[in-house]
Amino acid sequence: MDINAACSGFVYSLVAGSGFLKTGCDRVLVIGSETLSRFTDWEDRSTAILFGDGAGAVVLESSKTGGDLLGWNLSSSGELRDILHCEIGGKIKMAGSEVFRKAVVAMTKSGKAAMDEAGVNPEEIALVVPHQANIRIIETAMKKLDIPLEKSIWVGDRTANTSSASIPIALSEALNNNRVKKNDLILLVL
């Protein structure tokens, strides 16, 4: 199944995959992949330097010994389509400062809602894996979430914003660098 939801595509797919496990599937492969270079206007320096191509995946497995999505917050707002969009056959257009403001609000609101649903507080979060859009967005949102920046992972300086691939790529980096331990609470936010 293809869930085409841009930056939030991986997280939407993760929630859907978790639902498949609860209905009896043993394993679910969740992939986030993007080829944003196809839509990049290389003459527009305000966007060309920000977006990249990438892919990342996770395998979800049914388990009786733990490991579950404790809470999530999925939302979208079509009213914001004019601040970041790409027409069919066109190039990415973005109102950078407005995207920054809206992204910080959305990331903070969604992160808090997911923690509330899970019944956990910021101190219990071991790692935050944010969408890798912009380090300033992540820094500001982490402050508003009351979670130290050191508990987040940033790979965007090497990968750029890979949209739906950014969270699985960052999660892979965290796993490869032993930043995730058994029973850690991890917050994925976008």
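This is a predicted model, so every value here is computed, not measured.

A. Region of the structure containing the pattern of salt bridges. Evaluated as defined, the whole model comprises six salt bridges. For Arg-27, the salt bridge is made with Glu-61, and the minimal N-O distance between the two is 2.8 Å. Within this pair, whereas Arg-27 is found in strand S1 (residues 27–35), its partner Glu-61 is found in strand S2 (residues 53–61), the two being separated by 34 residues in sequence. In this structure, the salt-bridge partner of Glu-98 is Lys-102, at a minimum N-O distance of 3.9 Å. Taken together, the residues Glu-98 and Lys-102, both in helix H3 (residues 96–118) and four residues apart, mark about one turn of the helix. A relative accessible area of 35% places Lys-102 in the partly exposed class.

B. Geometry of helix H4 (residues 135–145). For H4, the complete set of buried residues consists of Ile-137, Ile-138, Ala-141, Met-142 and Leu-145. Considered in projection along H4, the buried side chains sweep an arc of 125 degrees and stay on one side of the axis. Looking at the buried side of H4, the elements it contacts are H3, strand S5 (125–130) and strand S6 (185–189). A side-chain oxygen of the first residue of H4 lies 2.6 Å from the backbone nitrogen of Arg-136; this N-cap is Asn-134. Directly beyond the C-terminal end of H4, a positive phi value near 60 degrees is found at Asp-146.

C. Fine view of the packing of aromatic side chains. Tallied over the entire structure, the rule returns zero aromatic pairs. The cationic tip of Arg-136 hangs over the ring face of Phe-100; the distance from NZ or CZ to the ring centre is 4.6 Å.

D. Seen up close, the packing of H3 against H4. Close contact between H3 and H4 brings their axes to 9 Å; oriented N to C, the two are set at 40 degrees. Taken together, the axis directions place H3 and H4 in an arrangement best described as oblique. Judged by the sense of rotation from one axis to the other, the crossing of H3 with H4 is right-handed. Contacts between H3 and H4 involve Phe-100, Ala-103, Val-104, Met-107, Thr-108, Gly-111, Lys-112 and Met-115 on the former and, on the latter, Arg-136, Ile-137, Thr-140, Ala-141, Lys-144 and Leu-145.

E. Expanded view of the nonpolar core. Counting 18 residues, the largest nonpolar core has Phe-10, Val-30, Val-58, Leu-60, Val-129 and Ile-153 as its most contacted members. The set of elements that each furnish at least two residues to this core consists of helix H1 (9–22), S1, S2, S5 and helix H6 (166–176). No other element matches H6, which puts five residues into this core. Each residue touching Ile-153, except ones within four places of it in the same chain, is listed here: Leu-127, Val-128, Val-129, Pro-130, Gln-132, Ala-170, Glu-173, Ala-174 and Arg-179. Of all hydrophobic cores here, the second largest spans 16 residues; its members include Met-115, Ile-125, Ile-137 and Val-189.

F. Examining the environment of Ala-95 more closely. The residue Ala-95 is located in the loop between strand S4 (93–94) and H3 in this model. For the pair Ala-95 and Leu-14, spaced 81 residues apart in sequence, the C-alpha to C-alpha distance is 29 Å.

G. Representation of the environment of Asn-183 in the model. Tracing the sequence through the fold places Asn-183 in the loop between H6 and S6. According to the relative accessible area criterion, Asn-183 is exposed, its value standing at 70%. In this structure the C-alpha to C-alpha distance between Asn-183 and Ala-126, which are 57 residues apart in sequence, comes to 9.4 Å.

Calculation notes
- In this convention, every chain numbers its residues from 1, walking through the sequence in written order.
- Side-chain atom pairs in this predicted model are given and counted only at pLDDT of 80 or more, local residue features only at pLDDT of at least 70, and totals for whole chains, interfaces and linings cover all residues.
- The side-chain quantities take in all heavy atoms of the structure and omit both hydrogens and water.
- Note on definitions: salt bridges are taken to be side-chain nitrogens of Lys or Arg within 4 Å of carboxyl oxygens of Asp or Glu.
- Only DSSP runs of H or I reaching four residues or more are called helices, and only runs of E reaching two or more are called strands; each is numbered from the N terminus.
- The rule is simple: take the accessible area with a 1.4 Å probe, protein chains only, and divide by the maximum for that residue type; under 20% is buried, over 50% is exposed, in between is partly exposed.
- By construction, the arc corresponds to the directions joining the helix axis to the C-beta atoms.
- We call two residues contacting when some pair of their heavy atoms lies within 4.5 Å.
- In protein, a polar contact means a hydrogen-donor-capable atom and an acceptor-capable atom, both N or O and within 3.5 Å, with residues adjacent in sequence counting only if both atoms are side-chain atoms; elsewhere, any N or O pair within 3.5 Å suffices.
- Pairing of aromatic rings covers Phe, Tyr and the six-membered ring of Trp, with a centre-to-centre limit of 6.5 Å; geometry is then stacked below 30 degrees between planes, edge-to-face above 60, and tilted otherwise.
- Counted as over-ring charges are cases with an Arg CZ or a Lys NZ within 6 Å of the ring centre that also lie within 35 degrees of the ring normal.
- All axes are obtained by fitting lines to C-alpha atoms, using only the stretch in contact for helices, and the reported angles, taken between N-to-C directions, cover 0 to 180 degrees.
- Any angle from 65 to 115 degrees is called roughly perpendicular, while one under 35 is roughly parallel, one over 145 is roughly antiparallel, and all others are oblique.
- Helix crossings are classified by the rotation of the near helix relative to the far one: an anticlockwise turn of less than a right angle makes the crossing left-handed, while a clockwise turn makes it right-handed.
- Note on terminology: a nonpolar core comprises buried Ala, Val, Leu, Ile, Met, Phe, Trp, Tyr and Cys residues joined through side-chain atoms within 4.5 Å.

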